[in-house]
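Given next are the chains, with one letter for each unit.
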Amino acid sequence: MSVEQRPAESAPPLVPLHCLRHAEPGPPRLAALPTGTPVWLVSRHADVRQVFTDPRLNRASLYTPDAPPVSVVPNILDDPDALLNLDGAEHQRLRRTVQRAFTPRAIARWRPWVASVVDGLLDDLIDQGSPADIVAEYTRPLPVAVISRLMGLDGLDLKRLGHWSDHALSATAHSAGAIAAAMGEFAQFAAELIAERRAAPGDDLVSGLLAAARESGGVSERQLVSLVVGLVVAGHETTMTTLGNAVVYLLGDGRAAWQRLAADEESAGAATEQLLRAIPLGDTEALPGLLRRATEDVEIGGVTIPAGAVVAADAATANHDPAVFPRTLAEDLFAPLGSPSLTFGAGPHHCLGAWLARMELELALHRLARRLPGLRAAGPQEAIVWREGLLTRSPLALQVAW
Amino acid sequence: MTGGGSVGTGGTDGTGRSVGTGGTDGTGRTSGSDRTDATGGAAGDVVVRVDRARCVGTGLCAATAPDDLALGEDGRARARHPVSAPGEQLTEAAEMCPVEAITVLSALDGRRIAPVL
């Protein structure tokens, strides 16, 4: 993908995401966003869950005319027509158009097909021989192939997709103008796709959501375009990021687990939940948490958050809250979670693709370990080149050998 | 709406925490036979079960079937009545639940009505 690397004079090498230190969770405290806007940081497990589920805290009010600025350079998360930024009845109307395709049982039907994609990528990787870049050959193509099939994006230009995705989640990597231009192209692509599927519907997700929207009514064209864009980006970017960072961990500090990961899918499933919990998607500097705004005074963890205030739910810290998850990743990799992790959020905006992501990760990790029991990192952890300047961080490339 | 009687031996405590015998454990696997002795449920009535350990509080169910499901103060869904009349909205709520935390069972014999697996 086309992300700029850091200039040589910048800080010491970045640590892998599983090595990030998390603050001690505590009561909500006041800090500031990069825009200078005051923000209440919420970090305890129960408090973060409340932020996600309490209807007095929402997304839409972050983008009303009276709202303080929350992004220095707006990206896809700031699109007011995005599913993420709708609330209440409007949100539910749009979410309904796609929800049925993402229930656990709907996703389970894709399992054999996803497994066959995983096997095909592994065949190619092994044919190509050691050493190889596992990001280019495996962790990136898998989620892209899956979302392309679900949405019927045959022949999608992967370079363009990479370009759009990098801009969609840009924090500091790109200028506002570059992001707006890329998002404009992306929206144009989505609008053309929608027109195409209206004319000739298929069995894909886009055709399905258009039919559902037509039946329910009340869904705007802009919302549909934003939804299609959002599905493409969210459908592969975060899974690619999590898979890449999980491989960094498992071939490094977590290497002791490799054999058991290969043993059975159940173990890989348990490990997937723990990896999703413990390895965050990115650095807190880029995003201190998932934002909400209080529509009225609301008490969180004993602190009154005033109406109109911006709140950041720090799920990464909450996922390491010692009161809920007292053990380290290495101690607990194959143990059941006990309490739900907050990686996929909770409440109305709970991640639509959670079950798809889980399935892809579980199959990808299990089969990788099974087919390549001797897989190892070909270089030191410190030499990993990262995709930087985005809300997420993952290896740009990762040389492995076997 | 409801048949007016409790189902099973435990009834509900008004919080919808459970229907049947003394609280679900989050597995939603209490035997359906517990409910065959339902008293007062009209033929065709259903029992709505919410697996509160699974529930992530999306609120889709409460918006879809507001007569039968509500979001509690803890941000988790609960059944509003010990027994409910079957209906399209209730079926949709169970089928739509993003985490499959809702099951609609026959009040008569505990048979699963929705979601269809």
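Sequence order as written defines the numbering, with residues in each chain counted from 1. Just so you know, chain letters begin at A and ligand numbers begin at 1, following the order they were written in. Per-residue local features are limited, in this predicted model, to residues with pLDDT of at least 70; the limit for side-chain atom pairs, both in listing and counting, is 80 or more; totals at the level of whole chains, interfaces and linings are taken over all residues. Only hydrogens and water are removed before side-chain values are computed, so all heavy atoms of the structure are retained for them.

An unreviewed UniProt entry annotates chain B as Ferredoxin originating from Kitasatospora indigofera. UniProt positions are given in the numbering used here, feature names are shortened, and annotations may be inferred rather than shown by experiment. The record in UniProt for chain B states the following under Function (unreviewed entry): "Ferredoxins are iron-sulfur proteins that transfer electrons in a wide variety of metabolic reactions." Database annotation for chain B, UniProt heading Cofactor (unreviewed entry): "[3Fe-4S] cluster".

The name given to chain A in an unreviewed UniProt entry is Cytochrome P450, with Kitasatospora indigofera as the source organism.

Interface size is often expressed as the accessible area that is lost when the parts come together. Whether two residues are in contact is decided by their heavy atoms: any pair within 4.5 Å suffices. Each side of the interface is counted separately: chain B has 23 residues, and chain A has 16 residues. Two parts placed together each lose some accessible area under a 1.4 Å probe, and adding up what both lose gives the buried area. When the two sides are added together, the surface that chain B and chain A hide from each other amounts to roughly 1,700 Å², 49% of it contributed by carbon and sulfur. Salt bridge, as applied in this entry: a Lys or Arg side-chain nitrogen positioned within 4 Å of an Asp or Glu carboxyl oxygen. Viewed at the interface, chain A and chain B are joined by three salt bridges. Between R96(A) and E92(B) there is a salt bridge, with the nearest N and O atoms lying 2.8 Å from each other. N or O atoms closer than or at 3.5 Å make up a polar contact, with two conditions inside protein: a donor-capable atom paired with an acceptor-capable one, and, for residues adjacent in sequence, both atoms drawn from side chains. The tally of links from chain B across to chain A stands at eleven residue pairs in polar contact (both at pLDDT 80 or more). A run of H or I in DSSP becomes a helix once it reaches four residues, and a run of E becomes a strand once it reaches two; helices and strands are each numbered from the N terminus. Of all elements in the fold, only α1 (60–64) and α2 (88–96) of chain B reach the threshold of two or more residues within the side of chain B that touches chain A. Top contributing element to the side of chain B that touches chain A by residue count: α2(B), with four residues.

A separate point is the sheet that holds strand β9 (residues 376–377) of chain A. Residues and elements named next belong to chain A. Strands pair, by our definition, only if DSSP identifies at least two bridges between them. Taking strand neighbours across the sheet as the criterion, the three strands line up as β4-β12-β9 in an open arrangement whose pairing is antiparallel. Sheet topology places β4 (132–133) and β9 at the edges, where each strand pairs with a single neighbour. Taken together, the two bridges between β9 and strand β12 (residues 399–401) define a ladder with antiparallel strand orientation. Bridged to A377 within β12 is V400.

This part is about unusual backbone geometry. A cis amide bond links S130(A) to the next residue, P131(A), at an omega of -5°. Tracing the backbone through its elements, the reader meets P131(A) in the loop between α4 (111–128) and β4. Here the phi dihedral of E100(B) falls at roughly 55°; this positive angle occurs in a residue that is not glycine. Within the secondary structure, E100(B) sits in the loop between α2 and β4 (102–106).

Residue and element names in this part refer to chain B. Strands sit in the order β1-β4-β5 across an open sheet of three strands; the sheet is antiparallel. The open sheet is flanked by β1 (46–50) and β5 (112–114), the only strands paired with a single partner. Strand-to-strand twist of the sheet, defined as the mean angle between neighbouring strand axes without regard to direction, takes the value 35°. As paired elements, β1 and β4 share five bridges and run antiparallel to each other. When the sheet's bridge partners are listed, R49 is paired in β4 with T103. Between the N-to-C directions of two axes lies an angle of 0 to 180 degrees, each axis being a line fitted to C-alpha atoms and, for a helix, fitted only over the stretch in contact. Sheet strands touched by α2: β1, β4 and β5. Its angle to β4, the strand with the most contacts, is close to 135°.

Turning our eyes to something else, we now look at helix α12 (residues 265–278) of chain A. Because each turn of an α-helix spans 3.6 residues, side chains separated by three or four positions in sequence point in the same direction. All names here are of chain A. The end-to-end C-alpha separation of α12 is 20 Å, in line with the 20 Å expected for 14 residues at 1.5 Å each. Considered for burial, the residues of α12 that qualify are S267, A268, G269, A270, A271, T272, Q274, L275, L276, R277 and A278. Buried positions along α12 lie against α10 (221–250), α11 (258–263), α14 (329–332) and α15 (354–371). One side-chain oxygen at the N-terminal end of α12 lies 3.2 Å from the backbone nitrogen of E266; it belongs to D264. What a helix is expected to span follows from its residue count: subtract one and scale by 1.5 Å. Throughout this description, buried means an accessible area under 20% of the type-specific maximum (1.4 Å probe, protein chains only), exposed means over 50%, and partly exposed covers the range between.

Glancing now at the nonpolar core. Joining through side-chain atoms within 4.5 Å is the link that ties buried Ala, Val, Leu, Ile, Met, Phe, Trp, Tyr and Cys residues into a set, and such a set is a nonpolar core. M151(A), L231(A), L250(A), L261(A), L275(A) and L368(A) are the most contacted members of the largest nonpolar core, which totals 93 residues. Among the elements that line this core, the one with the most residues is α10(A), at 14 residues. Once residues lying within four places of it in the same chain are set aside, the contact partners of L275(A) are A246(A), Y249(A), L250(A), L329(A), L333(A) and L365(A). Counting 19 residues, the second-largest nonpolar core is a separate cluster that includes V48(B), L90(B), A93(B) and A94(B).

All right, on to the state of the cysteines then. Here, the term disulfide refers to a pair of cysteine sulfur atoms separated by no more than 2.5 Å. Taken as a whole, this structure holds zero disulfides over all chains when the rule is applied. Counting only cysteine sulfurs, C61(B) is the nearest neighbor of C55(B), a cysteine outside any disulfide, at a range of 6.4 Å.

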